[in-house]
Amino acid sequence: MIEGDQFLDLSLIKLERNNMTHLSIIIPVFNEGTVIKKVINGLPDKIKGVDKITILAVNDGSTDNSAEEIKKTSAILISHPLNMGAGSATVTGISVAKILKADVAVTVDGDGQHHPSDIARVIQPVLQQKADIVIGTRLKKSKGMPGVKKFGNWGLNVITFALSRIWTSDSQSGFKAFSKNAITKLDIGSLGYEFCSEVLIEAKRQKLKITEVPIRVIYTDYSKRKGQSIFNGTNIIIKLIIRKITRTT
Amino acid sequence: MIIIARVLATVFALIVLSRSIVDYRNRKESFQMTVFWIIVWLAIAIIAFFPSTVDTAIRLFGGNKTGLGTVFGMGLVFIMFVSYRIYVKANRIEKNLNELSRNFALQAIDRPSPKNKPSKNHEFKSKKTISRQK
C-alpha cells in the first residue's frame, strides 16, 4: 500500500517535470560592461506559466569588462572568442537554448533598452501555442524614438516584406520570442543585424506562425548611442539580398 | 580628363606597387603574386600615359583598331569576376570563422558561480550537462 502510494507520487512528479515550461532569456552582449550587470539583475525571476528560467549571456568578443560583469550575475556566460556580430551571438544563444531543451526562448538587447516586464507579454502567444515567433514591436508605442530611426525602420520593413512577404511593424526589433518548434527549425546564417530580417524570411520558408506584441522601449543616451546607424541599414539591405541570392537550401 | 586619369593611375600604381613590394619583403606575398601586380599596374600606368599603345598592341596581335572603350569594357568584366571571387572566398572564410567561434563558445560555457545568489527560478546547468550536440 505504502509502496503503491510512493510509486503514484513519483509518477506524478515525473509527469509534472515533463510539463514544466523552461524559458531561456538570450542576451547578445558586445561591450556592454557598464550596463550588463544591471540588465541581467533586472530580469524577472518568476513569470506566469514558466517553471524554469535560464539566462544565457552571449559575450560576442567584447573588449571591455563585459565577461567579468556577467560572471558576477546568475547568467550562464557563453563567450565568442571573436566579435562575429549580433546575429551570430543570438544564433549561438538559440543553439544553447536548443541544447538545454528550452520550450521558449526570448532575445533581449544587452543595452537595457527593453523593459524586463515585457518578457511575460512577449512570450504569452508562444505559451498559448498561438505563435512560433513573437516580435516585440517598438513602433506601436514609438514615443521617444528619433524620427530618423522610425524612417530607417520603415525602410527595412519594406525591404524585409519584399524578401519574405511578411509585413511587420518592426522587423528590426531585437526583442523576440521563439517557440520550441522555431528554435528547432530556424536555420539562420546571418552574422550581423540582418539576422532580424532573416528570421522572418526563414519563418516564411518554414511556415512558422508569427505575431506581434507592442513593447515599451527605454531610450537613454547610452541605448541611443548603441543602436544601429542609418549607414548600417544600407549594409543590412546588401547582405540580405546577397544572402537571398546565395542561399543554397 | 586624361590628366585626371593619368594622375589617378600613377597614384594607385605607386600605392599598389609599394604595398606589394613591402609585402613581398615581409614574406606576406609570394614572388609570383608580386610580379603579377607589378606587370598589371605598370600596364595600367603605360595605357594611361600612352593610350595609343592599346591600338598598337591590338594590331600587333592581328586585330583591327578598336579603341580604349573595348579595353575598359573588358577590364570592367574582369573586375566584376575578381570581385565575385573575392566575395565568395571572404564569405566562405567568414562562415568558417563563425562556426569555429560558435563551437569554441559552446565547448567553454561558463556556469555562474554558486556565490552569485541565483533567483529561485533561474536554472543552472553544470559544464557537463551543456555539451555540444552531435
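Quick word on the environment of Gly69 of chain B
All names here are of chain B.
Thought 1: Tracing the backbone through its elements, the reader meets Gly69 in helix α4 (residues 68-107).
Thought 2: Look at Gly69 and you get exposed, because 9 C-beta atoms sit within 10 Å.
Thought 3: Along the chain, Gly69 and Thr56 lie 13 residues apart, while their C-alpha atoms are 15 Å from each other.

Quick notes on the pairing of strand β3 (residues 76-80) of chain A
Residues and elements named next belong to chain A.
Thought 1: A large share of β3 lies buried, amounting to 5 of its 5 residues.
Thought 2: Of the pairings in the sheet, the one linking strand β2 (residues 52-60) to β3 comprises 5 bridges and is parallel in character. Each bridged residue has a counterpart across the sheet, and for Leu56 the counterpart in β3 is Ile76.
Thought 3: In this region the chain leaves β2, passes through helix α3 (residues 66-71) and returns to the parallel neighbour β3; the handedness of that crossover is right-handed.

A short note on unusual backbone geometry
All names here are of chain A.
Thought 1: The residue Asn31 is not glycine, and still its phi comes out positive at about 50°.
Thought 2: If you trace the backbone, Asn31 turns up in the loop between β1 (22-29) and α2 (36-41).
Thought 3: Despite not being glycine, Lys207 shows a phi value in the positive range, around 55°.
Thought 4: A residue is classified by how many C-beta atoms lie within 10 Å of it, and Lys207, with 8 of them, is exposed.

Quick look at the sheet that holds β2 of chain A
All names here are of chain A.
Thought 1: The sheet built from 7 strands is open, its strands ordered β3-β2-β1-β4-β6-β5-β7 with mixed pairing. Of all the strands in the sheet, the pair left with one neighbour each is β3 and β7 (210-214). Neighbouring strand axes in the sheet, compared pairwise and without regard to direction, differ in orientation by 20° on average.
Thought 2: Summarising the sheet, strand β5 (residues 133-137) and β7 pair through 5 bridges and their orientation is parallel. Note on β7: the bridge partner recorded for Thr137 is Pro214.

Considering the packing of helix α4 (residues 86-99) of chain A against α4 of chain B
Thought 1: Packing of α4 of chain A against α4 of chain B leaves a shortest axis separation of 11 Å and a crossing angle of 45°. As the angle between them shows, α4 of chain A and α4 of chain B are arranged oblique. α4 of chain B is crossed by α4 of chain A, and the crossing has right-handed handedness. Counting all contacts with α4 of chain A, which are made through Ser88, Thr92, Ser95 and Val96 of chain A, the residues of α4 of chain B involved are Asn98, Arg102, Ala105 and Leu106 of chain B.
Thought 2: Counted by class, the contact of α4 of chain A with α4 of chain B contains 3 nonpolar, 4 polar and 1 charged residues.

Re the packing of helix α1 (residues 2-25) of chain B against helix α2 (residues 31-49) of chain B
Residue and element names in this part refer to chain B.
Thought 1: At a minimum axis distance of 9 Å, the contact between α1 and α2 shows a crossing angle of 170°. As the angle between them shows, α1 and α2 are arranged roughly antiparallel. Every pair of crossing elements has a handedness; the one defined by α1 and α2 is left-handed. Every residue of α2 that contacts α1 at Ala5, Arg6, Ala9, Thr10, Ala13, Val16, Leu17, Ser20, Ile21 and Tyr24 is listed here: Phe31, Thr34, Trp37, Ile38, Trp41, Ile44, Ala45, Ala48 and Phe49.
Thought 2: Looking at the contact of α1 with α2 residue by residue, the class counts come to 15 nonpolar, 3 polar and 1 charged.

Calculation rules
Residues numbered from 1 in each chain as written. Chains lettered and ligands numbered in written order. Predicted model: local features only at pLDDT ≥ 70, side-chain atom pairs only at ≥ 80, totals over all residues. Helix = DSSP H or I, 4+ residues; strand = E, 2+ residues; numbered from the N terminus. Buried ≥ 20, exposed ≤ 12 C-beta atoms within 10 Å, placed from the backbone. Pairing = 2+ DSSP bridges. Right-handed = clockwise from strand over helix to strand, strands pointing away. Axes fitted to C-alpha atoms, helices over the stretch in contact; angles between N-to-C directions. Parallel < 35°, antiparallel > 145°, perpendicular 65-115°, else oblique. Left-handed = near helix turned anticlockwise from the far one by under 90°. Contact = placed C-beta atoms within 7 Å. Nonpolar A, V, L, I, M, F, W, Y, C, P; charged D, E, K, R; others polar.

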